[in-house]
Amino acid sequence: MHPALSIVVFTAASGAGYGLLALAGLFAAVGLFPAHGPAGAWAAGLALALVTGGLLASTAHLGRPERAWRALSQWRTSWLSREGLLALLAYIPAGLFLLGWTFPETFPLPWRALGLLAALLAAATVYSTGKIYATLRTIPNWSHGLTVPSYLLLGALCGALLAGFVAAVFGVYAEAFGWIALLLAAAGGMVKLSYWRDIDRGLGATDAATATGLGPAGAPVRLLDGPTTSENYVMREMGYRIARRHSTRLRGIAIAALFGVPAMASLAATMVGSWGGLVALTLLGAASGALGVAVERWLFFAEARHVVTAYYGESGSARGSSSAEAGVVRGTRT
């Protein structure tokens, strides 16, 4: 699929925002963020800013943004609709949580309970985002059992890195921040490597033979009579292809930036006692994680291909290709 910048920004920013919001609620409840302290307020505020920025970025990908509200009515059957409703509902406890925590005298609210409710809705929203892609059987790379766990773990990891940075800035950093981030980095790395291994093996992939029922996967089914002599929307958007050498290089960057550097920075932060050292290490981890998740999200879309491209032939949907072997299937075997 063509990796639109708006969707990359949306999934990266909102995932990190919801991860930070969920952890802020949990950390407030267990005391890792001091009650009514500035660290928790800044963490919750930053989370809401990232969520809002991500949601606004997602509207740039819509053909008619003013009609986006109509999607909310399909919540019974659509994960996209459920995601939108949950995203809106999360603002209510999150906003009250922020007010009650920051201004306890002015707003005597049960902020711990509100924080836990905000955390639950944040996790449910990220889960729904993952399900949007996991339920699309027409895109085999997304219709995978690790798609949803990947979304949840990456959001939690980015949130943990940001929470650690905020805690370090305000002098309330505890070793638990580092160990939580390290654990999430290890789990996220294993899930992502397993996901890439499976899609490289072609699990669930569709080609011309399986799409037409003329043979098993890999059978020499040839497509005749190209449907177009120039690149069209289907080839450009649904059949976007990235060269293997570039994919391998970008995967390496994602692994190092999203899992490797944050893990080492988080481990080092548990051993450093100076304020400056903690801030530098947590900032390094958060900045590296932001770069890594942006690359990983871009690859998530760039490496996925819609099954409709099977009707254009293996070489007919590459980006920049003008024609060649793309065609209507006539059932002819070579």
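Residues numbered from 1 in each chain as written. Predicted model: local features only at pLDDT ≥ 70, side-chain atom pairs only at ≥ 80, totals over all residues. Heavy atoms only, no water.

J.: Would you explain the overall build of the protein in this entry?
T.: Helix and strand counts for the protein come out as ten helices and two strands. The N-to-C order of helical and strand elements in the protein reads α-α-α-α-α-α-α-β-α-α-α-β. Per-residue burial for the protein yields a buried fraction of 46% across its 334 residues. Within the protein, residue pairs in contact and separated by at least 24 positions form 79% of the contacts whose partners lie at least 6 positions apart. When the accessible area of the protein is evaluated, it comes to approximately 15,400 Å², of which 67% is carbon and sulfur surface. (Helix = DSSP H or I, 4+ residues; strand = E, 2+ residues; numbered from the N terminus. Buried < 20%, exposed > 50% of the residue type's maximum accessible area, 1.4 Å probe, protein only. Contact = heavy atoms within 4.5 Å. Areas by Shrake-Rupley, 256 points an atom, 1.4 Å probe, with all protein chains shown as cover.)

J.: I tried to follow the packing of aromatic side chains on my own but got confused; where do I start?
T.: One pair of aromatic rings is described through two measures. These are the centre distance and the angle between the planes. Scanning the model with the defined rule gives 19 aromatic pairs in all. Centre to centre, the rings of Tyr 151 and Phe 300 are 5.7 Å apart; their planes meet at 80°, and the pair counts as edge-to-face. Within this pair, whereas Tyr 151 is found in helix α5 (residues 147–169), its partner Phe 300 is found in helix α10 (residues 275–302), the two being separated by 149 residues in sequence. Linked through ring pairs, Phe 27, Phe 33, Phe 97, Trp 101, Trp 111, Tyr 173 and Phe 177 together constitute an aromatic cluster. In this arrangement the basic side chain of Arg 297 is found over the ring face of Tyr 151, its NZ or CZ atom lying 4.1 Å from the centre. Across the ring face of Phe 300, the terminal group of Arg 297 is positioned such that the distance to the ring centre comes to 4.8 Å. (Phe/Tyr/Trp six-rings, centres within 6.5 Å; stacked < 30°, edge-to-face > 60°. Lys NZ or Arg CZ within 6 Å of the ring centre and 35° of its normal.)

J.: Whenever I open this one, the pattern of salt bridges confuses me. Can you help?
T.: Between side chains of opposite charge, a pair can form as their charged atoms come close. Per the counting criterion, the structure on display carries five salt bridges. Here Arg 197 ties to Asp 198 by a salt bridge, and the two come within 3.5 Å at their closest N and O atoms. A relative accessible area of 11% means that Asp 198 is categorised as buried. With its nearest N and O atoms 3.1 Å apart, the salt bridge here joins Arg 251 to Glu 303. A residue pair is termed long-range when its members are at least 10 positions apart, and Arg 251 in helix α9 (residues 244–269) and Glu 303 in the loop between α10 and β2 (328–333) qualify at 52 residues. The exposure classification of Arg 251 matches that of Glu 303, with both residues buried. Salt bridges sharing common partners tie together Lys 192, Glu 296 and Arg 297. (Salt bridge = Lys/Arg side-chain N within 4 Å of Asp/Glu carboxyl O.)

J.: Is there a simple way to explain the side chain of Lys 192 in this structure?
T.: Counting through the fold element by element, Lys 192 comes out in helix α6 (residues 175–200). Leave out the neighbours within four places in its chain, and Lys 192 touches Ser 150, Phe 259, Glu 296, Arg 297 and Phe 300.

J.: Would you explain the confidence of the model for the protein in this entry?
T.: Should the pLDDT be low somewhere, the predicted coordinates at that spot are not to be read in detail. Summarising the model, the protein shows a mean pLDDT of 84, and 85% of its residues fall at 70 or more. Of all the helices and strands in the protein, β2 carries the lowest mean pLDDT, 33, while α5 carries the highest, 96. (pLDDT = per-residue confidence, 0-100.)

J.: Where do I start with the packing of α5 against α9 in this structure?
T.: The description of two packed helices rests on the angle between their axes and on the distance between the axes. Between α5 and α9, whose axes approach to 12 Å, the crossing angle comes to 40°. Regarding α5 and α9, the two cross each other, and that crossing is left-handed. Where α5 approaches α9, its residues Leu 154, Leu 157, Cys 158 and Leu 161 are matched on the opposing element by Leu 258, Phe 259, Pro 262 and Ser 266. For the contact of α5 with α9, a count of residues per class yields seven nonpolar, one polar and no charged. (Axes fitted to C-alpha atoms, helices over the stretch in contact; angles between N-to-C directions. Left-handed = near helix turned anticlockwise from the far one by under 90°. Nonpolar A, V, L, I, M, F, W, Y, C, P; charged D, E, K, R; others polar.)

J.: What exactly am I supposed to notice about the packing of α5 against α10 here?
T.: Relative to each other, α5 and α10 sit at 155°, their axes nearing to 8 Å. One finds that α5 runs roughly antiparallel with respect to α10. Considering the relative orientation of α5 and α10, their crossing is left-handed. Looking at the contact of α5 with α10 residue by residue, the classes come out as 16 nonpolar, six polar and two charged. (Parallel < 35°, antiparallel > 145°, perpendicular 65-115°, else oblique.)

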